[in-house]
Amino acid sequence: MEKRKMKTGAFIRRYLRVMVAGTVLVLIALVAFFAPLIATHDPGAIDMYNINQRPGGEHLFGTDMYGRDIFSRVIYGTRVSLGISIAVTTLAIIIGTCLGLLVGYYKWADRTIMRFLEGFAAMPGILLSITIITVLGNGIDKLIFAMVIVRLTGITRLVRQQVLSIKEQGRSLTSNAPELLLLALDKQKSQKDIIYRP
């Protein structure tokens, strides 16, 4: 019984941040899903008779310069924020994994692509995002593109390092790049069984 308590306590201490982050993410997802039930007003409705109202009463967060209810706009805004986050994470992982495999497997790609990515990484992420959006213009698609570029370097470096570590094992099993990636992602195989042939 004591061992079980110790294991439970160790698990909580080890994964506390993950559990907190997961709980917050679930709450945001629930708010986004039930937005029509939670929102008190139409988020796009303009009411010129109630512009710049203070929080309280009918408008929990007050109203903006067009009389729109800020609370309802925040609730519906979770849908946009969640959609952008999912799109950015998915695209960054897919593109970063492909680039990481490419630069880790081919030296010419490592010398060219990584130089561009390192140039992006030299700039602060927020500044780089603002610069890209300023050049491309407003829009959710431009925002997603800018955020993907910011996250791309870290993911590419991580995958590249894994591919390089596999190549350095010394024995050879495959010379096919896609097959090498599949082997690297196969958790049933140890790195000793994943062998690279130049």
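Residues numbered from 1 in each chain as written. Predicted model: local features only at pLDDT ≥ 70, side-chain atom pairs only at ≥ 80, totals over all residues. Heavy atoms only, no water.

Within the fold, Thr90 resides in helix H3 (residues 70–105). Relative accessible area serves as the criterion here: at 39%, Thr90 is assigned to the partly exposed category. Note: C-alpha distance between Thr90 and Val148 (58 residues apart in sequence) is 9.1 Å. (Helix = DSSP H or I, 4+ residues; strand = E, 2+ residues; numbered from the N terminus. Buried < 20%, exposed > 50% of the residue type's maximum accessible area, 1.4 Å probe, protein only.)

As a further point, take helix H5 (residues 125–136). The end-to-end C-alpha separation of H5 is 16 Å, in line with the 16 Å expected for twelve residues at 1.5 Å each. Residues of H5 that are buried in the fold lie against helix H4 (107–121) and helix H6 (140–167). Among the residues trailing H5, Gly137 stands out with phi positive, at a value near 105°. (Expected span 1.5 Å × (residues − 1). Contact = heavy atoms within 4.5 Å.)

Our focus in this paragraph is the packing of aromatic side chains. Per the stated rule, a full pass over the model turns up three aromatic pairs. Between Phe61 and Phe71, the aromatic rings sit 5.2 Å apart at their centres with planes inclined by 85°, giving edge-to-face as the arrangement. Linking Phe61 in the loop between helix H2 (35–38) and H3 with Phe71 in helix H3, this pair joins segments that are ten residues apart in sequence. The buried category is assigned to Phe71, whose relative accessible area is 14%. Ring geometry for Tyr106 and Trp108: centres 6.0 Å apart, planes at 35°, overall tilted. Using a relative accessible area of 33% as the deciding quantity, one classes Tyr106 as partly exposed. (Phe/Tyr/Trp six-rings, centres within 6.5 Å; stacked < 30°, edge-to-face > 60°.)

The tendency in soluble globular proteins is for nonpolar side chains to be buried side by side. In this structure, Ile84, Val88, Leu99, Val103, Ala109, Ile113, Met114, Leu117, Ile144, Val148 and Leu152 together form the largest nonpolar core, which totals eleven residues. Contributions of two or more residues to this core are made by H3, H4 and H6. With residues up to four places along the chain from it excluded, the contact list for Leu99 reads Ile113, Leu152 and Thr156. (Core = buried A, V, L, I, M, F, W, Y, C linked by side-chain atoms within 4.5 Å.)

Here we take up the side chain of Ser129. Locating Ser129 in the fold gives a position in helix H5. Looking at Ser129, the relative accessible area reads 15%, which means it is buried. Residues in contact with Ser129, not counting those within four places in the same chain, are Ala146 and Val150.

Taking 1.5 Å as the rise per residue, H4 with 15 residues should run 21 Å; its terminal C-alpha atoms sit 20 Å apart, in good agreement. Residue Met114 marks the point of greatest curvature in H4, where the axis turns by about 30°. Restricting attention to buried positions, one finds in H4 the residues Ala109, Asp110, Ile113, Met114 and Leu117. On its buried face, H4 is in contact with H3 and H6. (Bend = angle between axes of the 7 residues up to and from the residue.)

Below, the discussion takes up the pattern of salt bridges. Overall, the coordinates contain four salt bridges when judged by the stated rule. Of the charged contacts, one joins Asp64 and Arg68 as a salt bridge, the two residues approaching to 2.8 Å between their closest N and O atoms. The pair Asp64 / Arg68 is uniform in exposure class, with both members buried. For the salt bridge of Asp110 with Arg160, the shortest nitrogen-to-oxygen distance reads 3.0 Å. (Salt bridge = Lys/Arg side-chain N within 4 Å of Asp/Glu carboxyl O.)

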